[in-house]
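Structure at a glance
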Amino acid sequence: MHVAHSTVDLHPASWHIGNDSIICSVREVAGQLWWQVIDPVRGRPALQPSHAPRARIGPRDATWHGAGMTQETHADGSIVMRCQAEGDGMRLTRHFQIWPNFPFVRTWGSVDNCGDTPLIVTDAEILNLTMPPGQNLFHVNQFSWVYRNDFFSQYDVPLIPGRAATEIRMGSFPSSYSGPSSCAWFAARDGESDWHTMRSDDIAPHAGYGIVCGIEFNGKSRLRAWASSEAAHFVGAIDDLHHRVEPGDSFEVPAFFIGVFEGDWDEAGYITQRFAEAHVHPPAPDERHPWAQYNSWGYGQEINAAQQLAAIERCAQLGVEVVVMDLGWATQIGEWRAHPEKFPRGLKPLADRAHELGMRFGLHIPLAQANVNAPVAQQHPDWLIHRHEDYFGAAPLCLGHPPCREWLIGEIVRLIDDYHVDYFVQDGEDMVKACHESGSACSTHDHNYTNSVEGIDRVIETVRRLRPQVVWENCEDGGCMLTYKMARLYHTTITVDNIATYATRQGVYGASYPFSPRYSVRYMQDDPTPYSLRSAIFGGPLILMQRVTEWNEEQMAQTRAAIAEYKRLRALVRDAKIIHLIPPRNNLEGKGWGWDAIQAVSPDQTRSVVMVYRAQGGPASKVIRPRGLKAGCLYDVRLADAQVTIHAVGEALMREGVHLSLNELGSEMMELRERA
C-alpha cells in the first residue's frame, strides 16, 4: 500500500509533500510561489518549476513575500499543505493535496481581504504549468447544436516551437454558441502525435509519458498552450473577471488536479477516471448505478396524469429503474407547482406509484429560467437578466443575486418534500448566465465568476447538503458544461441532447476519455430496433425518451431484452478501462458513415466487451482488433448476433483481430472471457 507522507525542507521557504508515486515541491522566490511535480517511480519531473496560479488585484499581481506553510491530514488519508502570505491588506492562500495510492495533486487557492477597503480581482489564473518540450496536447470538444454536428470530437495537437498558441474554451456555454468549446480536461505527453493515427482505423495509438489535468470551474475559462525550445507551457484563466471582495470576504480561486501517466490517451483517461471516482465525484447512488431510466420528453409538453401513469406501468414491465417527468409538468417555467389541469392531484400519485413499483421518481427543472408571467418574475423583475425568450419562452434568472438564489433553493427543497422527488434533471440555456444588462441584479461586470461559484454551484451544493438522498443529472440543453466542477456536484451528465443514434454514440465515445462512463447519459429518441438499442447500452444511464405507451409487443420485447443486457454489462463498463478502437467521426445525414467500435476491459483483464457498429456506407466487412488483453492468456470470444464462439490467445486477438461482416445500420457485440 502506498502511504502519503510529508517532509519539510530545512530552508524555511521550501516544502514538499508526497507519496510513493508523486512528490509536490513548493517554494517562494522573490515574492512569487513556484511549484514542481516529481515522479519518484521514474525519477523524472512531470512538471518543471511552474508559477503557482497568479491573481491580479487591480492593476498589479498579488505577491507572496514571507510565505509560510502548515499541513494537516484528512480523514480520507490525504495530506493538505497550505501556503500563506499576508501583506497589502490581503492574505494569499494556496492548498496542495495528495492521497495515498494515487499519482495526483489537487490544488486551489483564495484571496482574503484583511484590509478596510474593497479589493477588485481583475484577473486570476486557474492553472500555470511548465513541462519539458516535445509535448502533444489532447482534448475533447463538448456539445453544441450549431458549431458542428460531429460531437465530442477528439484533438491531438503537437506543441511546436514557433507556432501560435492553441486556445481552448472551457466551461458552461449556451447550446447555440457558434464556436468550439471543450471538456474541462486535457492530457499532454511526449512521443509521437496521434494526429494521423486518430484518422486511421488500422494504426495502433502511440504512447508516451505525461500528465492529465481536470479543471473544477463551471464558468467560462480559456486554456492557452504553446511551446518554446526549452519548455511547453499551459496557462488557464477565468474569462471576464472583475470580482469585488469586500473587507472580511474571500475570493476563491478554482481548483484543478493533475496526475502522472505513461501510455496512450486511453490510459490518460483511465487514470483520470479512477482518481475522480475515488476523490472527485459524488458516491454512486447505489451499487446498480448507472440506471435504466425513462423520460417523458417523447410526449413533449403535452403530458398529463393518466398518460404518464400508464407510461409508469409500461416502464415497470420493461425493467426501468427511474421515471422522470420532463418539461411540461409545472404550471409554467419558474412557477414550480404541478400544472393544475394536467395533474389535478399533483405529482404525488405518480411518485407513489413509481415507488410502489420499485422505481425512483424524478423531475426536469430548468432552474435558472422563469417565464416573465410567472409570479417570481412579476414580483421581482430585477431578478431577470433580461425579459426576452431564452429557453422555451422563459427568460434567464440571475443566480449570482443572493435573494434569487435563496428563493430557488427553497423552491427545490419544497418540490422534493411535497412531491417525493428522488432525482432531478437540471436543464436550461447556459447555466452560468451573462448579465450584460445594466438593470439586472448582477450588473457588476463579474457575471461569469459570480453566476458560477456563487450561483449554480452554490444552489446545487446547498440543496445536496439539505437533501442528500436526491440524485442530480446535469443537462443544460445538451452536454455544454462538461467540467470537473460539474462532475463534483452531479452524479451523472448528458453528453449530447435527445438526438439520433449515431450522434449519441459520438457523445459516449468522446466523453469517455475525460469522464467515467456513468457521466455519459444516453437519451434514446429513435424507435427501438436491434441497432438503436445496441447503440444505447454502452455507457452511463440508458434513458428511454419515447412514447412507450404506443409501443407494440415486439418493441416492448426488444427493449426489455436490451435493458436486461444493459444491466448485465453495466458494472463491467462502469469500472472498466475504456478502449477507443474506431471513432464515429462522420455524422452524415444524421445516420453517420462507416464503422465505429468501443471496448471496455475489466481492471484484471479477464473480461471485456466490444461494441461494433456499422452506420450507412463503408465496407461490408472489417477486422476489429481489441486491445488491453493479457498477451499470453486464452480467451473465449462470443459474437452475440452471429451466435458463434471462437478461442484465441490475447496476443493473437490484439494483432490479428476478429473479422466481422455487418449490414448497414447493423451491430455486433463481442464478449471476451479469460479461460480459467
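Relevant structure appears above.
Residues numbered from 1 in each chain as written. Predicted model: local features only at pLDDT ≥ 70, side-chain atom pairs only at ≥ 80, totals over all residues. Heavy atoms only, no water.

**A short note on the overall build of the protein chain**
- Each helix and strand in the protein chain was counted, giving 11 helices and 41 strands.
- The C-alpha atoms of the protein chain give 25 Å as radius of gyration, which agrees with the globular expectation for 676 residues (26 Å, within 12%).
- Taken over the C-alpha atoms alone, the protein chain extends approximately 75 × 70 × 45 Å along its principal axes.
- Here the protein chain holds 676 residues, and the buried ones make up 61% of them.
- Across the protein chain, every contact between residues at least 6 apart in sequence was considered, and the portion connecting residues at least 24 apart equals 70%.
- Looking at the protein chain as shown, the accessible area adds up to about 24300 Å², and 50% of this sits on carbon and sulfur atoms.
- Treating the 61 positive side-chain charges of the protein chain as one cloud and the 81 negative ones as another, the clouds have centres 3 Å apart. (Helix = DSSP H or I, 4+ residues; strand = E, 2+ residues; numbered from the N terminus. Rg over C-alpha atoms; globule rule 2.2 N^0.38 Å. Buried < 20%, exposed > 50% of the residue type's maximum accessible area, 1.4 Å probe, protein only. Contact = heavy atoms within 4.5 Å. Areas by Shrake-Rupley, 256 points an atom, 1.4 Å probe, with all protein chains shown as cover. Lys, Arg positive; Asp, Glu negative; His and termini not counted. Charge placed at Lys NZ, Arg CZ, Asp CG, Glu CD.)

**Side note on the sheet that holds strand β21 (residues 250–263)**
- Taking strand neighbours across the sheet as the criterion, the nine strands line up as β8-β9-β10-β11-β21-β17-β16-β13-β14 in an open arrangement whose pairing is antiparallel. The open sheet terminates on both sides in strands that have one partner only, identified here as β8 (68–73) and β14 (154–158). Across the sheet, the mean angle separating the axes of adjacent strands is 20 degrees when strand polarity is ignored.
- Where strand β9 (residues 79–87) and strand β10 (residues 90–98) come together, nine bridges link them in antiparallel fashion. Paired with Gln84 across the bridge in β10 is Thr93.
- Its contacts with the sheet put helix α1 (residues 265–279) on β11 (104–113), β13 (136–140), β14, β16 (185–189), β17 (208–216) and β21, and the angle it makes with β21 is roughly 130 degrees. (Pairing = 2+ DSSP bridges. Axes fitted to C-alpha atoms, helices over the stretch in contact; angles between N-to-C directions.)

**Observations concerning the nonpolar core**
- Counting residues in each nonpolar core, the largest one holds 124 residues, and the members touching the most others are Trp329, Leu363, Leu367, Ile412, Phe424 and Phe538.
- If you tally residues by element for this core, the top one is helix α5 (residues 402–419), at eight residues.
- Excluding its chain neighbours within four sequence positions, the residues that come into contact with Ile412 are Ile365, Leu367, Phe424, Val459, Val463 and Trp472.
- Counting residues in hydrophobic clusters, the runner-up holds 63 residues, among them Val26, Leu33, Ala85 and Ala232. (Core = buried A, V, L, I, M, F, W, Y, C linked by side-chain atoms within 4.5 Å.)

**With respect to the sheet that holds strand β26 (residues 360–365)**
- Spatially, eight strands are ordered β31-β30-β29-β26-β23-β22-β33-β32 in an open sheet, and the strand pairing comes out parallel. The outermost strands of the open sheet, each flanked by one partner alone, are β31 (492–493) and β32 (522–524).
- Sheet contacts for helix α3 (residues 348–356): β23 (322–325) and β26; angle to β26, the most-contacted strand, approximately 140 degrees.

**Things to note about the packing of aromatic side chains**
- Across all of its chains, the model carries 28 aromatic pairs by this definition.
- Note on Phe138 and Trp185: the rings are 6.1 Å apart at their centroids and 85 degrees apart in plane angle, and the pair reads as edge-to-face. A residue pair is termed long-range when its members are at least 10 positions apart, and Phe138 in strand β13 and Trp185 in strand β16 qualify at 47 residues.
- Taken together, a centroid distance of 6.4 Å and an interplanar angle of 75 degrees make the contact between Tyr509 and Tyr513 edge-to-face.
- For Tyr509, a relative accessible area of 3% puts it in the buried group.
- Look at Tyr513 and you get buried, because its relative accessible area is 8%.
- Sitting above the plane of the Trp265 ring, Arg189 keeps its charged end 4.5 Å from the centroid.
- In this structure, Lys220 packs its charged tip against the face of Phe173, placed 5.4 Å from the ring centre. (Phe/Tyr/Trp six-rings, centres within 6.5 Å; stacked < 30°, edge-to-face > 60°. Lys NZ or Arg CZ within 6 Å of the ring centre and 35° of its normal.)

**Some remarks on the side chain of Glu125**
- Tracing the backbone through its elements, the reader meets Glu125 in strand β12 (residues 119–131).
- We classify Glu125 as buried; its relative accessible area is 11%.
- At 3.2 Å, the side chain of Glu125 and the side chain of Asn128 are in polar contact.
- Ignoring any residue separated from it by four or fewer positions in sequence, one finds Glu125 in contact with Ala52, Pro53, Arg54, Val235, Gly236, Ala237 and Val253. (Polar contact = N/O pair within 3.5 Å; in protein donor to acceptor, adjacent residues only side chain to side chain.)

**Examining the pairing of strand β38 (residues 634–639)**
- The alternating pattern of β38 places Tyr635, Val637 and Leu639 on a buried face and Leu634, Asp636 and Arg638 on a face that is not buried.
- Where β38 meets strand β39 (residues 644–649), six bridges bridge the pair, whose relative direction is antiparallel. Bridge pairing links Leu634 to Val649 in β39.
- Taking the residues that link successive antiparallel strands as the turn, the β38-β39 hairpin has four residues, and the phi of Gln643 there is positive, at about 55 degrees.
- Where β38 and strand β41 (residues 666–674) come together, five bridges link them in antiparallel fashion. In the sheet register, Tyr635 faces β41, and the bridge partner there is Glu674.

**Things to note about helix α8 (residues 501–511)**
- Most of α8 sits out of view: 11 of its 11 residues are buried.
- Of the residues making up α8, those classed as buried are Thr501, Tyr502, Ala503, Thr504, Arg505, Gln506, Gly507, Val508, Tyr509, Gly510 and Ala511.

**Some words on the packing of α5 against helix α6 (residues 447–466)**
- Close contact between α5 and α6 brings their axes to 10 Å; oriented N to C, the two are set at 35 degrees. Considering the relative orientation of α5 and α6, their crossing is right-handed. Here Arg405, Leu408, Ile409, Ile412, Val413 and Ile416 of α5 come into contact with α6, specifically with Glu454, Gly455, Arg458, Val459, Thr462, Val463 and Leu466. (Left-handed = near helix turned anticlockwise from the far one by under 90°.)

**What about α1?**
- Compared with an ideal rise of 1.5 Å per residue, which puts 15 residues at 21 Å, α1 spans 21 Å between its outermost C-alpha atoms and is within 8% of the ideal.
- Taking burial as the measure, the 15 residues of α1 include 12 buried ones, the bulk of the element.
- Backbone nitrogen of Asp266 and a side-chain oxygen of the N-cap are separated by 3.2 Å at the start of α1; the cap is Asp264. (Expected span 1.5 Å × (residues − 1).)

**A look at the environment of Gly109**
- Structurally, the position occupied by Gly109 is in strand β11.
- Its relative accessible area of 6% is what places Gly109 among the buried residues.
- It is 44 Å that separates the C-alpha atoms of Gly109 and Asp201, two residues lying 92 residues apart in sequence.
- Residues in contact with Gly109, not counting those within four places in the same chain, are Thr93, Arg94, Phe251, Glu252 and Val253.

**Quick look at the packing of helix α2 (residues 305–318) against α3**
- Axis separation between α2 and α3 bottoms out at 10 Å; the angle between their running directions is 10 degrees. With respect to each other, α2 and α3 are oriented roughly parallel. Seen from α2, the contacting residues are Ala305, Gln308, Leu309, Ile312 and Glu313; seen from α3, they are Pro349, Leu350, Arg353 and Ala354.
- The residue makeup of the contact of α2 with α3, split by class, is six nonpolar, one polar and two charged. (Parallel < 35°, antiparallel > 145°, perpendicular 65-115°, else oblique. Nonpolar A, V, L, I, M, F, W, Y, C, P; charged D, E, K, R; others polar.)

**Thoughts on the environment of Arg458**
- Mapped onto the fold, Arg458 is located in helix α6.
- Residues contacting Arg458, with those up to four places away along its chain left out, are Glu252, Arg405, Ile409, Ser452 and Val453.

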